[in-house]
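# A structural walkthrough
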Number of protein chains: 2
Amino acid sequence: MQRVLVKISYHGGQFLGFQIQNQGRTVQGYFEKILKRMHKHDVRIHPSSRTDRGVHALEQYFHFDTKLNISPSQWQYAMNRALPQDIYVHEVTFIDEDFHCRYDCVGKSYRYAIYQAPHRNPFQAQLKTYLADDLDIEKMNQAAEQFLGTHDFTSFCSQKTEVESKERTIYESRVIRTEEGLDFIISGSGFLYNMVRVIMAFLIEVGRGKRSASDVIQLLEAKDRNLVPHTAPAEGLYLEKIYLSADELVKKFGENITIHQKKSL
Amino acid sequence: MQRVLVKISYHGGQFLGFQIQNQGRTVQGYFEKILKRMHKHDVRIHPSSRTDRGVHALEQYFHFDTKLNISPSQWQYAMNRALPQDIYVHEVTFIDEDFHCRYDCVGKSYRYAIYQAPHRNPFQAQLKTYLADDLDIEKMNQAAEQFLGTHDFTSFCSQKTEVESKERTIYESRVIRTEEGLDFIISGSGFLYNMVRVIMAFLIEVGRGKRSASDVIQLLEAKDRNLVPHTAPAEGLYLEKIYLSADELVKKFGENITIHQKKSL
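Residues numbered from 1 in each chain as written. Chains lettered and ligands numbered in written order. Predicted model: local features only at pLDDT ≥ 70, side-chain atom pairs only at ≥ 80, totals over all residues. Heavy atoms only, no water.

Moving on, we get to the pattern of salt bridges. All chains considered together, the criterion is met by 26 salt bridges over all chains. Between Lys128(B) and Glu180(B) there is a salt bridge, with the nearest N and O atoms lying 2.8 Å from each other. Of the two residues, Lys128(B) is situated in the loop between β5 (107-115) and β6 (129-130) and Glu180(B) in the loop between β8 (167-177) and β9 (181-188); the sequence distance between them amounts to 52 residues. On the accessibility criterion, Lys128(B) (17% relative accessible area) is buried. One connected set of salt bridges, linked through shared partners, spans Glu59(A), Lys241(A) and Glu248(A). (Salt bridge = Lys/Arg side-chain N within 4 Å of Asp/Glu carboxyl O. Helix = DSSP H or I, 4+ residues; strand = E, 2+ residues; numbered from the N terminus. Buried < 20%, exposed > 50% of the residue type's maximum accessible area, 1.4 Å probe, protein only.)

Shown next as structure tokens:
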């Protein structure tokens with residue numbers, strides 16, 4: 001048996017999400033259909049992260065096990081040939097059988113892209129979120145910084161979140177000006193359901209002067225989802241990077257960070 | 001009765017085309033639905049051009065007649081509020097009742113966008129056509145120039161074309177290098193069904209060294225669609241500009257051009 005690691009990206013606009021469903025386009029659905037055809041039996045893929053309907057991935061990983069005698073470059077070629085235009089396989093590698101895409105994922109980065117203009121641009125549809133407002137980026141950035149470190153994120157996730165611990169560590173959280181508007185970049189040990197989109201909606205409120213950076217600690221401590229009722233739309237959200245080892249994470253964010261190893265739980 | 005001229009753009013990726021159909025997303029369908037709701041009766045819109053499934057419009061016009069007492073800026077606001085993200089109304093103006101978007105259209109420009117890269121980019125899906133090949137742009141440009149002037153375009157349109165005359169005048173036809181690949185720009189008095197996509201497919205063959213610029217005149221004279229069997233995909237095609245008066249056309253392409261006035265036919 002060979003474990004195969006696949007690095008992909010996809011435009012989320014036309015997908016119901018990563019996870020396979022009974023009907024409709026999903027990223028998992030396309031890969032499992034291709035693998036079934038090649039193996040003549042069902043093959044399950046295991047992603048590092050599941051993205052929601054409309055959310056993009058610049059970098060995403062999954063693994064699967066195979067008995068087929070196919071080289072990594074042949075896997076890449078075969079998959080790309082069969083995939084639709086909005087998914088692309090960047091790299092295929094063979095990995096040890098004790099590696100698991102989900103449990104070895106120690107961190108992720110997301111980017112949320114907003115464009116600002118006097119007029120909506122139909123060619124940005126499903127790629128960036130449109131906001132006509134004048135936003136105070138400096139204030140947004142001050143608020144973004146408040147999320148750094150380890151916190152319970154109950155106030156900043158969907159009520160549908162079903163996990164034991166809502167504690168996560170944020171390594172990077174900042175708002176930067178771009179040519180077309182602004183991007184919010186957030187990296188952490190993991191993210192709760194809708195967490196990036198809820199934080200983004202809150203930061204937009206800060207940019208509009210309706211909330212302030214000093215509210216963040218209080219909101220985190222309250223652990224009450226009703227205090228932050230909005231969720232920014234999916235279209236501007238990109239899964240940007242997956243960290244598959246503590247080394248990679250330390251290299252990027254320094255030696256003093258708290259690393260959550262899911263395997264050791 | 002007031003005739004209203006509407007300038008729009010749209011991302012064609014998720015439309016079955018401009019023209020309304022019994023089922024599915026169409027640009028005309030969205031506007032007529034909005035107008036019906038506002039008027040409480042059916043209102044027909046008349047576009048300058050009809051675009052096919054997947055074809056984009058950077059600039060497109062249509063007109064309709066109304067008895068409602070609504071200002072141009074109110075029309076624009078009401079439509080943009082009700083439209084999906086992939087259509088946008090740029091401008092609304094009142095025009096004379098003897099103006100007709102289709103019959104007063106004396107010229108159009110199209111742009112066909114190709115991106116070239118070692119890897120397919122899923123975020124260009126439905127926006128540009130991907131070609132990994134190394135294309136000879138100079139040769140493509142030489143071939144593109146051969147289409148200038150007035151010709152019968154039977155060899156360069158779909159067999160489904162049903163019009164009396166297949167003679168059209170081309171004012172501009174050139175291939176330019178872009179940051180990501182190349183664009184083909186063509187302007188003319190009018191275009192037959194699939195004409196730009198058939199010419200584009202031919203120019204790609206030229207860029208690959210399989211056809212040459214000197215073939216063009218012969219192919220045009222043959223008036224046989226079977227000689228140019230390919231059609232480039234819709235996704236790279238943009239309706240870029242509509243010329244609604246001879247003045248505009250002369251201003252852009254000079255006084256010596258042949259102008260086809262549909263009204264006088």
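Residue and element names in this part refer to chain A. By the assigned domains, chain A splits into domain 1 (2-95) and domain 2 (107-253). Taking the mean C-alpha position of each, domain 1 and domain 2 sit 27 Å from one another. Summed over both sides, the interface of domain 1 with domain 2 buries roughly 1,400 Å², with 55% coming from carbon and sulfur. Sorting the residues of domain 1 by area buried against domain 2 places His56, Leu58 and Glu59 first, and these three jointly supply 40% of that buried surface. Between the two partners, domain 1 and domain 2, sit one salt bridge. Residue Glu59 is joined to Lys241 by a salt bridge in which the shortest nitrogen-to-oxygen separation is 3.5 Å. Top element by residues in the side of domain 1 that touches domain 2 is strand β3 (residues 56-66). It accounts for six residues. Of the residues contributing to the side of domain 1 that touches domain 2, the split by class is five nonpolar, nine polar and three charged. (Domains from an automatic or database assignment. Buried area = accessible area lost by both parts, 1.4 Å probe. Nonpolar A, V, L, I, M, F, W, Y, C, P; charged D, E, K, R; others polar.)

For Asn22(A), the location among the structural elements is in the loop between β1 (2-10) and α1 (27-39). Under the relative-accessibility criterion, Asn22(A) is labelled exposed at 85%.

Moving on: the environment of Thr154(B). Residues and elements named next belong to chain B. Tracing the backbone through its elements, the reader meets Thr154 in the loop between β7 (149-152) and β8. Note on Thr154: relative accessible area 16%, which makes it buried. Thr154 sits 72 residues away from Asn226 along the chain, and the two C-alpha atoms are 9.8 Å apart. Once residues lying within four places of it in the same chain are set aside, the contact partners of Thr154 are Lys166, Lys223, Asp224 and Arg225. Engagement of the side chain of Thr154 in a polar contact is seen with the side chain of Asp152, the distance being 2.4 Å. (Contact = heavy atoms within 4.5 Å. Polar contact = N/O pair within 3.5 Å; in protein donor to acceptor, adjacent residues only side chain to side chain.)

What follows concerns the relation of the copies chain A and chain B. Aligned on chain B, chain A shows an RMSD of 0.0 Å; the corresponding rotation is 180° and the shift along the axis is 0.0 Å. On this basis, the relationship between the two copies can be described by a two-fold rotation axis. Identified as the residue of chain A closest to the rotation axis by C-alpha distance is Gln14(A), at 4.6 Å. A share of 100% of interface residues in chain A that are also interface residues in chain B marks the association as one of identical surfaces. (Least-squares fit on C-alpha atoms with pLDDT ≥ 70 in both.)

Across residues other than glycine, the phi torsion is negative in most instances, and most of the peptide bonds are trans. Phi at Lys223(A) takes a positive value of approximately 50°, unusual for a residue other than glycine. Relative to the elements of secondary structure, Lys223(A) occurs in the loop between α5 (215-222) and β10 (237-243). The backbone of Gln126(B) sits at a positive phi, close to 70°, despite the residue not being glycine. By secondary structure assignment, the location of Gln126(B) is in the loop between β5 and β6.

This paragraph deals with the side chain of His39(B). All names here are of chain B. Position of His39 relative to the elements: it lies in helix α1 (residues 27-39). A polar contact of 2.6 Å, which involves the side chain of His39, links it to the side chain of Thr66. If we ignore the near neighbours within four places in the chain, the residues touching His39 are Phe64, Thr66, Leu68 and Trp75.

What follows is about the UniProt feature "active site" (unreviewed entry) in chain A. Residues and elements named next belong to chain A. On the UniProt side, "active site" (unreviewed entry) is annotated at positions that read Asp52 here. As for its placement among the helices and strands, Asp52 is situated in the loop between β2 (46-47) and β3. Judged by its relative accessible area of 26%, Asp52 falls in the partly exposed class. (UniProt positions renumbered as here; feature names shortened; annotations may be inferred.)

Polar side-chain contacts of Lys128(A) include one of 2.8 Å to the side chain of Glu180(A). Ignoring any residue separated from it by four or fewer positions in sequence, one finds Lys128(A) in contact with Ala113(A), Tyr115(A), Glu180(A), Glu235(A) and Gly236(A).

The next thing to look at is the interface of chain A and chain B. Of the residues lining the interface, 23 residues belong to chain A; the matching set on chain B comes to 23 residues. With both chains or domains summed, chain A and chain B bury close to 1,900 Å², and 57% of this area falls on carbon and sulfur atoms. Broken down residue by residue, the surface that chain A buries against chain B is led by Gln85(A), Arg120(A) and Phe123(A), which jointly contribute 40%. Put simply, chain A and chain B have zero salt bridges between them. Linking chain A with chain B are eight residue pairs in polar contact (both at pLDDT 80 or more). If you list the elements that add at least two residues to the side of chain A that touches chain B, you get β1, β3 and β4 (87-95) of chain A. When residues of the side of chain A that touches chain B are assigned to their parent elements, the largest contribution, three residues, is made by β3(A). Counted by class, the side of chain A that touches chain B contains twelve nonpolar, eight polar and three charged residues.

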